[in-house]
Amino acid sequence: MHKLRAANPLESLSGLPSPMSISVWWNGGSILGLLLGFQIFTGLFLSMHYTADMVNTFASVIHIVRDAPVGWLFRNFHANGASMFFVFMYLHVGRGLYYQSYITQPRTWMVGVTILLVSMGTAFLGYVLPWGQMSFWGATVITNLLSAIPYLGPSIVEWVWGGFSVGQSTLNRFFSLHFIMPFLIGGLSGLHILFLHEKGSTNPLGETSAVNKIPFHPYFSWKDMVGFVIVGVVLVLLGFFYPTVLGDPENFTNANPMVTPVHIQPEWYFLFAYAILRSIPSKLGGVIALVMSIVILYFLPLAGMSGSLPSSFTPPYQVVFWSFITFFVLLTWLGACPIEEPYSTLAVPLTFLYFMSFGGLLVLPAIWEGAISR
């Protein structure tokens, strides 16, 4: 009888031992799963009316909004759902940093960082699809960064474009990749959950022992439901009342290769990386800094190589963590500012401090161990 219960995945999930002291910050993973499914669902219906032929692409988006039944709602939900996804993605990563999940669950953390990178790529591809002014020029600027790769750069750019500029081939492959990559994110999410359940969720103190654990259902399943309702309410408010508050006005104009927007900028969730890119005078150096602003998260589990670990509640760790959050917010603001003084100058020290805060997270355990031993 016990074996039959263990073979039922639903029962195993509902009875999963979970730390009784975890807070609302642990709801982020389930909310991200909900939003991923929501994005796939709305995107599937949008793709049925979307035309990726460059000539009628912008008109097809207008057709979805004006003529397709509730197409305007699906489009609003899909566009704002992407922003909501990154809100909770960054909150989820921030929670992992605060409670040192990269030390207690290194494999889960590594897969999570991969999900973040693939999600950012998927969001960039999706931003190009409406074929507005900012979509076209954003694609041109970002893909051109590949030309900074020594020797192979120009050839790689032409291969990505499918020609000598952003055009029909680029749009076709971006649409295909944007459609298929969410399923890759879903597969990585399954692997993320699999690694998480090997040890089980940690509590705020980083403990994984089963002493103070209770079943996932009904205690945490209902808490997740409350999170789902709150996210749903926010999405409804954005979709019905403020559908364009997070978008760029330039994207309501059809793409025109002959007219460059005054201020080219990506979506808000890429602004911190865009500010880092602009702060480096060298093109290759800027691209390396841009990539490393996310890839550096892969190196954080190295902090666990120290035998003695500082608690996330110690003053040194709190200073480093909240400094990092401050630098992230300021870089996001600077990424939306024009490329002029004093914004250009401010981005340089903030970029340095952004990477230094990761250095603090890496070396803090060793410093703490030395202080304890003395």
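Reading guide: rules and limits
Residues numbered from 1 in each chain as written. Predicted model: local features only at pLDDT ≥ 70, side-chain atom pairs only at ≥ 80, totals over all residues. Heavy atoms only, no water. UniProt positions renumbered as here; feature names shortened; annotations may be inferred. Helix = DSSP H or I, 4+ residues; strand = E, 2+ residues; numbered from the N terminus. Buried < 20%, exposed > 50% of the residue type's maximum accessible area, 1.4 Å probe, protein only. Contact = heavy atoms within 4.5 Å. Areas by Shrake-Rupley, 256 points an atom, 1.4 Å probe, with all protein chains shown as cover. Expected span 1.5 Å × (residues − 1). Core = buried A, V, L, I, M, F, W, Y, C linked by side-chain atoms within 4.5 Å.

- The chain carries the name Cytochrome b in an unreviewed UniProt entry, which gives Siphonaria gigas as its organism.
- What UniProt records for the chain under Sequence similarities (unreviewed entry) is the sentence "Belongs to the cytochrome b family."
- Quoted verbatim from the Subcellular location (unreviewed entry) field of UniProt, the annotation for the chain is "Mitochondrion inner membrane".

**Details of the overall build of the chain**
At step 1: When helices and strands are counted, the chain shows 15 helices and two strands.
At step 2: Taking all 374 residues of the chain together, 45% fall into the buried category.
At step 3: Across the chain, contacts joining residues at least 24 apart in sequence account for 78% of those joining residues at least 6 apart.
At step 4: Carbon and sulfur atoms provide 73% of the accessible area of the chain, an area that totals close to 19200 Å².

**Observations regarding helix α5 (residues 71–98)**
At step 1: The end-to-end C-alpha distance of α5 is 40 Å, a good match for the 40 Å that 28 residues give at a rise of 1.5 Å each.
At step 2: Burial within α5 is extensive, with 22 of its 28 residues counted as buried.
At step 3: Note on α5: the residue one or two positions beyond its end, glutamine 100, has a positive phi of about 60 degrees.

**Observations concerning the side chain of threonine 57**
At step 1: Relative to the elements of secondary structure, threonine 57 occurs in helix α4 (residues 57–66).
At step 2: In contact with threonine 57, not counting residues within four places along its chain, are Tyr50, Thr51, Ala52, Leu129, Pro130, Trp131 and Leu171.

**Some details on the nonpolar core**
At step 1: Of all hydrophobic cores here, the largest spans 84 residues; its most connected members are Leu97, Tyr102, Phe272 and Leu297.
At step 2: The element best represented in this core is helix α7 (residues 106–128), accounting for twelve residues.
At step 3: When residues no more than four places from it in sequence are discounted, the contact partners of leucine 297 are Val93, Trp109, Val113, Leu116 and Phe358.
At step 4: Judged by nonpolar contacts, the second largest core, of five residues, contains Leu145, Ala148, Tyr274 and Val287.

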